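What follows is each chain in one-letter form.
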Amino acid sequence: MSKSWSVPEPPPLRPAISGLDYEGLLRCVHCGFCAQACPTYRETGLETLSPRGRLTLMRALAEGKLPLDEGLAEPLDLCLGCRACESACPSGVRYGRLLEEVRVLTAPLKPPGRLIRFGLRHLIPYPGPLRAVGWLAALAQRLGLLRLLPGAFGDLARALPRIHPARPYRAARAYRTARVLSGGTGEEKAGQAPNGQTVLFFRGCIQDAFLFHQNEAAIRVLTAAGARCIVPAGQVCCGALHAHSGDLETARRLARKNIAAFERYPGPIVTHAGGCGAHLKEYAHLLRDNPEWAERARAFSARVMDFSQWLAEVGLPADALSPLPLTVTYQDSCHLVHGQKVRRQPRDLIRTIPGIRYREMNGADRCCGSAGIYNLVHPEMADRVLREKMARVAETGAQVVVTANPGCYLQLRLGVQQAGLEGQVEVLSLAELLDRSLRGPSPTAPAVSDRSPGTGACTGGSGGSDT
Amino acid sequence: MIAELEEALGPGRVLTSPQALLCYALDATYHVGRPEAVVLPESTAEVAAVMRIASRHKVPVTPRGAGTGLSGGALPKGGIVLSLTRMNRIKEIDRKNLIAVVEPGVITAHLQQAAEAAGLFYPPDPASSQVSTIGGNIAENAGGPRCFKYGVTRDYVLGLEVVLADGRVLRTGGRTVKNVTGYDLTRLMVGSEGTLGVVTEATLRLVPRPEATQTLMAVFPRLEDAAETNAALVARGVTPATLEIMDQLSLRVVENYLHLGLPVEAEAVLVISVDGFREAVQRQADTVAAICRELGASEVRIARTPEEAQELWRARRSISTAITQVKPTKIGEDVAVPPSRIPELIRRIQYLREKTGLTMAIYGHIGDGNIHPNVVTDLRDREEMAKVEQVLEEIARIALELGGTLSGEHGIGTLKAPYLEMEVGETGIDVMRRIKRALDPDGILNPGKMRLDE
């Protein structure tokens, strides 16, 4: 049989450039099953903006068939990184990891704006200054200045819930108080799990500085489920945003800090942010080549659980839940459902609340367009994706959309505002919804954030100041 | 010419960047094409405009849907890739007359959902239905697991709108099931792999949606017994909606990967589903279970809930994932033989597998005799690739010897073009080429496929 025009030359045994997992790229057999899972492909119908197309470009780069230039960087940059393609892939291609690797190379060609770069480098990694920003933001919000921010930042700022001015301070105090308690009598107050389970709570960066009420709610819920909740000092941002935007160095530095902070305690590491969880579970991969840290990272990642995973395993005491007569739908966090394969647990937890009418949303596991900082970098595409999402939300007739990640939470609040649904549709984190049910009936009350904090159940870790 | 295309379609709808050309050079095979431009028309008029420009310049045009084909039908041999993904409107679902009118870029699954919402059913169900387009399904005459009971894409196409090579618009068939007016040009176009025209609208037949479905899994210690199932079922008046077989290696590969507790000692496992009225489905399922046991099944599981049914299907659906864990390059075959010859087909392919040492999972649809021996290899291993090509040719030969065909549902494209003459003979090829020349004298439509332009 003679070779026909369409039969390709065999690919090279070794890639032309380093830094990309060539074997991982060759796993893609370009079947195309990922295409309809991809938000940018669905919006544009363009192969170059499909996962298969992006993998083809990465492979061409690895094989030296295409140069590293802006034409190559653009379609890779436009990827939301939602990893829905991983759930659709029949060949088990680890798209998220491959994307992080190639972004190390393309990031310099497509740098985000100066403000974002500054934030990623000098604020997000440092809990103290970040909280100060949260505090200033709260002040600015009160003075009506936050609304004046331009562009996508302004949109997002307007989507923020009311930040209580004292909240950043109270956050610090809560964790500090907890630290004192850990040495003394606080443990009894913390409530003992029937099984004596200790849970190590991961604070996160944005949740801590801007959405602290969600952290409070999560800790209350965990405690109600019988957990002894410890918030280890010295923990920092998970580093997901850095890894996704090509700054693996910072990502590794943050990973090492977190590992050191958490390895002093036994027990599961729980986060209620799907994005953080997915990345914390990737530490083992991130530090695999570092002899000093590889084993410690593996041990760390193995302990990470989503809030909903832990709760679904332990169960909430049924008699503690008061009815919420609400129609509720759930928006998957991409990195929870596609990254961590946690799909059932959040839904089951919502359904355990008496009185709730749960309506599954069409395409609930499709990205809302938040995607870390994507909505700041590519507001136009994020907007198209969000509009589609809000149409699906409206179909359910839900009064409450439950989210499992702070980015989705803010993005959907933005969507609600843009769709003019304020007062009709409320966005809550899963922790807030469960907390509301645990705290008893008060159908007219606004979100939990505006009530008393009650974080007394939280026990802090030893060690120095956590800021 | 690029300028003319840009003028006809408007800005942003003619792609020539090296990145785009690379992405549109591929489909789901390991073969590769070489496009020079990609166009994204949004209407029949625009497709016609593109064809007029192309025929004036005598430049090849390769129509493309979702690019999920398994025979290389969408690979461009130079020229223009005509991407139809933006013509994706479902124009009409007519409940009274059981008809759907769609544009070619409609995703198969979207049509299935729209039909279901109207209480109707569009049965063709290729494995890629979540992403494949109706236009691509028509061009390749796609099948799927439900074909024994419900037929293939061809059986659901009542009429077409087709843009010809010179840009004229042809309408074939109509909105009736019966239609014997003139040559059956609809059937000529279905499965023509984009070599005779570009489908820009399809009138499709829908059927009533079955009320219920029941799924079973049967474990057979002996392959031959499993293969008897089809005939035995039909003899007892049961027409299964699907009847899927997995051979022992498929089971082992899946079990290694997923640890589902599959019976890896069995020579074959069948996944069977029946559909219809609820009461009838229950009786059919009981009959199927009884027949499988009579034939020697060591175990029969009946799914009681949709979730359990999903679980039974999971093993079958996971084969292709599982097998690519062994080696990265997967080459999917799709020969078909008369159902009674299936045991012989599988035994002979298994013998080939032993002889060559290749990793090959054998599974498929035994109701319609369509079997997928899927080889996995590594493109970089030249020695093994040569062996794979020999095996593919040998499988084609075996299928023909058993009274079968080269391709049950993937099409010929580039992948099976070398073997075409083995099946259709010199006269067959000659007639096909004459038809091709009559409709496309310059040979600009999808050249390089089915050996039409050699």
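In the block above lies the structure referred to throughout.
Everything numeric here is computed off the predicted structure, so don't read it as measured data.

Criteria and thresholds
- Residues numbered from 1 in each chain as written.
- Chains lettered and ligands numbered in written order.
- Predicted model: local features only at pLDDT ≥ 70, side-chain atom pairs only at ≥ 80, totals over all residues.
- Pairing = 2+ DSSP bridges.
- Helix = DSSP H or I, 4+ residues; strand = E, 2+ residues; numbered from the N terminus.
- Axes fitted to C-alpha atoms, helices over the stretch in contact; angles between N-to-C directions.
- Contact = placed C-beta atoms within 7 Å.
- Parallel < 35°, antiparallel > 145°, perpendicular 65-115°, else oblique.
- Left-handed = near helix turned anticlockwise from the far one by under 90°.
- Nonpolar A, V, L, I, M, F, W, Y, C, P; charged D, E, K, R; others polar.
- Expected span 1.5 Å × (residues − 1).
- Buried ≥ 20, exposed ≤ 12 C-beta atoms within 10 Å, placed from the backbone.
- Arc of directions from axis to C-beta.

Peer 1: Account for the sheet that holds strand β9 (residues 169–173) of chain B, naming residues and giving values.
Peer 2: Sheets are built from strands paired through backbone hydrogen bonds, the pairs being either parallel or antiparallel. Residues and elements named next belong to chain B. Taken together, the 5 strands give an open sheet; going across it, the order is β5-β6-β10-β8-β9, and neighbouring strands pair in antiparallel fashion. Edge positions in the open sheet fall to β5 (90–94) and β9, since each of these has one partner strand only. Adjacent strand axes in the sheet meet at a mean angle of 10° when their direction is disregarded. Strand direction decides the pairing type here: strand β6 (residues 99–102) and strand β10 (residues 198–205), joined by 4 bridges, are antiparallel. Opposite A100, over in β10, you have L204 as the bridge partner. Most of the contacts of helix α4 (residues 108–117) go to β5, to which it runs at about 35°, and overall it touches β5 and β6.

Peer 1: Would you mind going over the packing of helix α15 (residues 248–262) of chain A against helix α18 (residues 294–303) of chain A in detail, with residue names and values included?
Peer 2: Packed helix pairs are characterised by how far apart their axes lie and by the angle those axes make with each other. Residue and element names in this part refer to chain A. Where α15 meets α18, the closest approach of the two axes is 10 Å, and the angle between their N-to-C directions is 70°. By the angle between their axes, α15 is roughly perpendicular relative to α18. α18 is crossed by α15, and the crossing has left-handed handedness. From α15, A255, I259 and F262 reach across to α18, where they touch R296, A297 and F300.

Peer 1: Got a sec to walk through the packing of helix α13 (residues 212–224) of chain A against helix α25 (residues 430–438) of chain A? Specific residues and values, please.
Peer 2: Residues and elements named next belong to chain A. Put simply, α13 and α25 touch, their axes get as near as 8 Å, and they point 55° apart. Put simply, α13 runs oblique to α25. The handedness of the crossing between α13 and α25 comes out as left-handed. Residues Q214, A217, A218, R220, V221 and A224 of α13 form the contact with α25, whose participating residues are A431, E432, L434, D435 and L438. Of the residues in the contact of α13 with α25, the class split is 7 nonpolar, 1 polar and 3 charged.

Peer 1: I'd like a description of helix α8 (residues 127–142) of chain A, backed by residues and values.
Peer 2: Residue and element names in this part refer to chain A. Helix length check: α8, at 16 residues, gives a terminal C-alpha distance of 22 Å against a target of 22 Å (1.5 Å per residue), a fit within 8%. Burial in α8 covers these residues: P127, L130, R131, G134, A137 and A138. For α8, the arc enclosing every buried residue in end-on projection is 110°, short of the 170-degree limit, so these residues lie on one face. Among the residues trailing α8, G144 stands out with phi positive, at a value near 80°.

Peer 1: With reference to specific residues and values, describe the pairing of β6 of chain B.
Peer 2: Side chains A100 and V102 of chain B project from β6 of chain B onto a buried face, and the interleaved I99 and V101 of chain B project onto a face without burial. Between the end of β5 of chain B and the start of β6 of chain B, which pair antiparallel, lie 4 residues, with L98 of chain B showing a positive phi angle near 55°.

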